[in-house]
Amino acid sequence: EGESEGGDSDDKGRLVTDYAKRIRWAVQSMAKRSRVVEELVTDLLTVLQERLSNSFFPVLQPAIGVGSAFEGWSPHGHDSVFCLLVPIKPPGGHAFHLELGAEGDMPAKDSCVRVELECTCTRDQGVENVLCFLHQREEALSRNQVSSLLGTLCTGSYLDIEKIARWFQKLVRSAWREMPQSHLYTMKVLPSSRSCKLQVTNASGRSLFIEMMFGVQRGNSDIFLSSQTKEATFTPSTTWAETYDVAEVKFFRHMAMQAPRDTSHLKCLQLCTGSLVGTGFSSDVLKTVVMHLLNTIPLSSWSSREFLVRLQDITWYLHGCLEEKRLDHFFLGNENMPEGIVLPPAFHAAEPINLFHRLLQDPAAHAKALRDFEEV
């Protein structure tokens, strides 16, 4: 019996070692492709920024890689799509005002970005030939031979995501020829109504799929309104979704900087999310669980030696949340937020939001979630 238990332990150890090696190889490969994608998108935005430098179109900011590929893990061992958020700011003479849905809603839902003209009159300051869109609109349009932001990329006074996506896609097609990578890759713009999706293929036929979403920053925080929504239902083209993707990337980068070399928290996350593919649990749920645990279990306890123990912690934490029908949102009402992550003041004072509120309202959904957990 003792020999049998010893054999089981050896088998388990070899299994863990094999998983760790596979995950390490996948992460290294993904990191390499992520760097290629970041370099390509940076060069592309540089070309576009030069083209738009004297226009009254949105000002494109440096792209921010978001999602699991840029956090250092992947639910499938690889990411089929590399996602980046491209923040946009208003051009001169314009201002963005964020309307964050119904008052009191947290997270904010059905948000809009209203565009207003601002006075840029400078005659009293002795500057000539600078026209104001607010007070000299027709003359400014005629002299610059461009259309205003309100007239081209808005519906009414609100930024229209679908118009922005079409405008951006057209710019990318025309700018690709100026890219140094155009000699190494062929590029195809894929259909998308709320973002810009690219298929970039090298000479050997291997493709990278890139999605650039548009974002408007909430103040100076790491929270954005995003053009891309996770809801499967129809969303009006002037409706933006609040996203925490940038804050999540910063959280995992913060942990990577603090963690010892052999820390296995990303391996745990990758293995757990991979095992839940096909169930009712999303990778966002597991990521939230792991973020909570990283905030409570010292990073020194996430070494490769304790890989199985931490996997068990993740499993128990998720099971406890299912039993209680409660999983707290990580960024709302969390008093234990790492330094460096900038949140709107209202986030700190907010009551914790239950991501499992649907399980409280729907006994059948709760029973199914427990069955899915037991099967996994």
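Everything in this summary refers to the structure shown in the same document. Everything numeric in this text was worked out from a predicted model, so none of it was measured.

Quick word on the overall build of the chain
Tallying secondary structure elements over the chain gives 12 helices and 12 strands in all. With 376 residues in all, the chain has 47% of them scored as buried. Pairs at least 24 apart in sequence give 63% of the contacts found in the chain among residues at least 6 apart. In the structure as shown, the chain presents an accessible area of about 19,800 Å², 50% of it carried by carbon and sulfur atoms.

Things to note about unusual backbone geometry
Positive phi values are uncommon outside glycine, yet Asp-110 reaches one of about 50°. The residue Asp-110 is located in the loop between strand S4 (94-99) and strand S5 (112-117) in this model.

Focus on the pairing of strand S3 (residues 82-89)
Along a regular strand, successive side chains alternate from one face of the sheet to the other. Burial runs high along S3: 6 of the 8 residues are buried. Pairing of strand S1 (residues 59-60) with S3 involves 2 bridges; the strand directions are antiparallel. Note on S3: the bridge partner recorded for Val-59 is Lys-89. For strand S2 (residues 64-66) and S3, the ladder comprises 3 bridges, and the chain directions are antiparallel. Bridging across to S3, Gly-65 finds its partner in Leu-84. Pairing of S3 with strand S10 (residues 207-217) involves 6 bridges; the strand directions are parallel. Opposite Leu-85, over in S10, you have Met-213 as the bridge partner.

Brief notes about the packing of aromatic side chains
Inspection of the entire model under this criterion finds 8 aromatic pairs. Aromatic pair Tyr-244 and Phe-347: ring centres 6.1 Å apart, planes at 55°, arrangement tilted. With a gap of 103 residues between them, Tyr-244 in the loop between strand S12 (241-243) and helix H6 (245-258) and Phe-347 in helix H10 (residues 345-349) connect regions that are remote in the sequence. Between the aromatic rings of Phe-251 and Phe-330, the centroid separation amounts to 5.0 Å while the plane-to-plane angle is 70°, which identifies the pairing as edge-to-face. Of this pair, Phe-251 sits in helix H6 while Phe-330 is found in the loop between helix H9 (307-324) and H10, placing the two residues 79 residues apart along the sequence.

Some details on the pattern of salt bridges
For the structure shown, the criterion picks out 11 salt bridges. The residue Arg-326 makes a salt bridge to Asp-328 at a minimum N-O spacing of 2.8 Å. The partly exposed category is assigned to Arg-326, whose relative accessible area is 35%. Residues participating in the shared-partner salt-bridge network are Glu-71, Glu-248 and Lys-287.

What about the state of the cysteines?
Scanning the entire structure with this criterion turns up 0 disulfides. The thiol sulfur of Cys-268 is not disulfide-bonded, and the nearest other cysteine sulfur, from Cys-272, lies at 6.4 Å. Exposure remark for Cys-268: the relative accessible area of 0% places this residue in the buried category.

Criteria and cut-off values
- Within any chain, residue numbers begin from 1 and follow the written order of that chain's sequence.
- It should be noted that, the model being predicted, local features are given only for residues of pLDDT at least 70 and side-chain atom pairs only at 80 or more, the latter also being counted only at that level, while totals for whole chains, interfaces and linings use all residues.
- Side-chain calculation: all heavy atoms of the structure are included, whereas hydrogens and water are not.
- Under the DSSP-based scheme used, a helix requires at least four consecutive residues in state H or I and a strand at least two consecutive residues in state E, with every element numbered from the N terminus.
- Partly exposed describes any residue whose relative accessible area lies between the buried limit of under 20% and the exposed limit of over 50%, with all areas from a 1.4 Å probe on protein chains only and scaled to the type maximum.
- Should any heavy atoms of two residues lie within 4.5 Å, those residues are considered in contact.
- Surface accessibility in these figures is a Shrake-Rupley result with a 1.4 Å probe; residues are shielded only by whichever protein chains are displayed.
- Pairing between strands requires that DSSP locate at least two bridges from one strand to the other.
- Between rings of Phe, Tyr and Trp, where Trp is taken as its six-membered ring, a pair exists when centres lie within 6.5 Å; planes separated by under 30 degrees are stacked, by over 60 edge-to-face, and by other angles tilted.
- Salt bridges are counted wherever a side-chain nitrogen of Lys or Arg sits within 4 Å of a carboxyl oxygen of Asp or Glu.
- When two cysteine sulfur atoms lie within 2.5 Å, the pair is treated as a disulfide.

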